[in-house]
Amino acid sequence: MHAIQVKRTGGPEVLEYVSVDAPAPTDNEVLVDVERAGVNYIDTYYREGIYNANVPFILGLEGVGRVSHDPRGEIAEGTLVAWHHAFGSYAEQVCVDRNRMAQVPDDFPLNIAASMMLQGMTAHYLTHGVYHLEEGSTCLITAGAGGVGLLATQMAKYLGATVYSVVSSDEKEQLAYEAGADQVFRYSDVLAEQVRRFNGGQGVDVVYDGVGQATFQESLEVVRPRGTVCLFGAASGPVEPIDPQVLNTHGAIFLTRPSLAAYTASDAEFQKRSQAVVEMIRSGHLTLRVSNEYPLEQAEQAHRDLQARKTTGSIVLNPRA
Ligand code: NDP
C-alpha cells in the first residue's frame, strides 16, 4: 500500500510517499481501507519530533474508511467507520481499535466524516468538559477560523455563550462570524483590553487557547478572576514554564493543559462524545468546513499550507485521488 512515512523528523519535506506492507490487525482491531485521512496540527508536532514516535513511522491519526477485515468476524466488510486515534492514518490502509471508532451512515460526506472525530470531539470536550459553557457564559477562542476553532465557536453558541474570536485575516474574520462569533478580533498585545471593552471590563469566563506562545500572555490577561485559561495547543510554539504565583496575581485563575486522550479516557466517554458530534452534524447544529482536499502524496503541501495559516476549517488527504 502507499503511505506517508517519516524516516527522520523535521519540516514538511520529511514527509515521504512510500510503498510499504499493509498493517496486520490485532484481535482488538479491524483493518480499514482509508477513504480520507484528517490532517491535524498535532500531526505537525509528531513530524517535527515535538511529540515522540519511533522512526520510521507512518503519520496521521484521524480518518474515515471501510472495514476490509475483522479478525473476529463481527463487523461486516464495507462498513463505513470514522476514528480519531489510529496512528498511521496517512495511508491506504490502517488498523483501528474496534472500541474507538464510530459507524458512519453511508450518505455522510467523506470529507466531513474524516474531520469530525478529532476536531469535533476536541471542540466538544473544551466546551462541555473543561469548562461547561451555559447561557450567559463568555469565552475567547484563539485561531477562531481553524479546524477546532470553527467547531468550538458553534458549540459555544449552541450552549448559549457569548463568543469572542481571534483570527489573522479578513477571510477568517468572515468565517468566524458565520460560525456565530459575537465579536471577532485580530491578534495584538492589547487584545485583552479590547475584549474587556466589549464585556464591561469583566474579562471572560474561559479562554480556549490553541495558539500558545503568541497569545498566552493575553490569555492570562483576558480571563476574569477565578476564570479558566485552557491552553490546548501550540500552533505558534510552546509556552515557556510559568511561576504558579502568576495565577494568583491574575485573580486566582485556573490554568489547564488538557488533551483529547484524557477527555475520552474510557470507551463510554469516547462513545458519548463521538455520538454527540455525529448527532449535532446530522441535526444541522454543527457545520464542518473542509477547505482543502489533497491527494495523499501531497501531504507535504498540506502541512506547508496548514503551518503557513493558509487553511480554514479542516483539511483532508485522499489516498484514492
Ligand atoms: P487549525 O486549523 O486551527 O490551524 C492552526 C491555526 O493556528 C492557523 O490557521 C492560524 O490561524 C493559527 N495560528 C496562530 N499563530 C500561528 C502560527 N505562528 N503558525 C501557524 N498557525 C498559527 O489547526 P487545528 O484545528 O488542527 O488545531 C488547532 C490547535 O488545537 C492546535 O494548536 C492543535 O495542536 C490543538 N489541538 C489540541 C487538541 C487537544 O486535545 N489538546 C486536539 C486537537 C487540536 P490564524 O491565522 O487565524 O491565526
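Scroll up a little and you will see the structure.
Since the model is a prediction, treat every value here as computed from it, not as a measurement.

Q: What am I meant to see in the overall build of the protein here?
A: A tally of regular secondary structure across the protein gives 10 helices and 16 strands. The C-alpha radius of gyration computed for the protein amounts to 20 Å, which stays within 12% of the reference 20 Å derived for 321 residues, consistent with globular compactness. In terms of principal-axis extent, the alpha carbons of the protein reach across some 60 × 40 × 35 Å. Here the protein holds 321 residues, and 53% of them are scored as buried.

Q: I'm lost on the pairing of strand β15 (residues 290–295) in this one. Help?
A: The side chains of a regular strand alternate between the sheet's two faces. Direction of pairing for β15 relative to strand β16 (residues 314–318): parallel, over a ladder of 5 bridges. Bridging across to β16, asparagine 292 finds its partner in isoleucine 315.

Q: Honestly, the packing of aromatic side chains in this entry has me stumped. Any pointers?
A: Using the criterion set out here, one finds 8 aromatic pairs in the structure. Here the aromatic rings of phenylalanine 57 and phenylalanine 87 are separated by 5.7 Å at their centres, their planes lie at 50 degrees, and the arrangement is tilted. A residue pair is termed long-range when its members are at least 10 positions apart, and phenylalanine 57 in strand β4 (residues 57–58) and phenylalanine 87 in the loop between β6 (80–83) and β7 (93–97) qualify at 30 residues. Within the aromatic cluster, the residues linked to one another by ring pairs are Tyr41, Tyr45, Tyr46, Tyr51, Phe57 and Phe87.

Q: Please explain the site of the ligand as it appears in this structure.
A: Around the ligand, the surrounding shell holds 30 residues, and the nearest of these are Tyr125, Ser168, Lys172, Tyr187 and Gly210. Separating an oxygen atom of the ligand from a side-chain N or O atom of tyrosine 45 is a distance of 2.7 Å. At a separation of 2.5 Å, an oxygen atom of the ligand approaches a polar side-chain atom of serine 168. In isolation the ligand exposes 910 Å². Once the protein is present, 92% of that is buried. Sorting the residues of the shell around the ligand by element identifies α1 (41–48), α3 (118–130), α4 (147–158) and α10 (299–307) as the ones contributing at least two each. Take the shell around the ligand: its biggest share by element is 4 residues, from α3. Per-class residue counts for the shell around the ligand are 15 nonpolar, 12 polar and 3 charged.

Thresholds applied
Each chain carries its own residue numbering, running from 1 in the written order of its sequence. It should be noted that, the model being predicted, local features are given only for residues of pLDDT at least 70 and side-chain atom pairs only at 80 or more, the latter also being counted only at that level, while totals for whole chains, interfaces and linings use all residues. Think of the side-chain values as coming from all heavy atoms in the structure, minus any hydrogens and water. A run of H or I in DSSP counts as a helix once it spans at least four residues, and a run of E counts as a strand once it spans at least two, with each numbered from the N terminus. We compute the radius of gyration from the C-alpha atoms alone; for a globule the expected value is 2.2 Å times N to the 0.38, where N is the number of residues. Each residue gets one of three labels from its accessible area relative to the maximum for its type: buried under 20%, exposed over 50%, partly exposed in between, using a 1.4 Å probe on protein chains only. Strands are treated as partners if at least two bridges between them are detected by DSSP. In this analysis, rings of Phe, Tyr and Trp, with Trp reduced to its six-membered ring, are considered paired at centre separations within 6.5 Å, and the interplanar angle assigns stacked below 30 degrees, edge-to-face beyond 60, and tilted for intermediate values. Any residue with a heavy atom positioned within 4 Å of a molecule or strand is treated as near that molecule or strand. For the purposes of these results, a polar contact is taken to be a pair of N or O atoms within 3.5 Å, where, inside protein, one atom must be able to donate a hydrogen and its partner to accept one; residues adjacent in sequence count only when each atom of the pair is a side-chain atom. Note on areas: Shrake-Rupley, 1.4 Å probe, and residue coverage restricted to the protein chains presented here. Residues were grouped as follows: Ala, Val, Leu, Ile, Met, Phe, Trp, Tyr, Cys and Pro as nonpolar; Asp, Glu, Lys and Arg as charged; and all remaining residues, including Gly, as polar.

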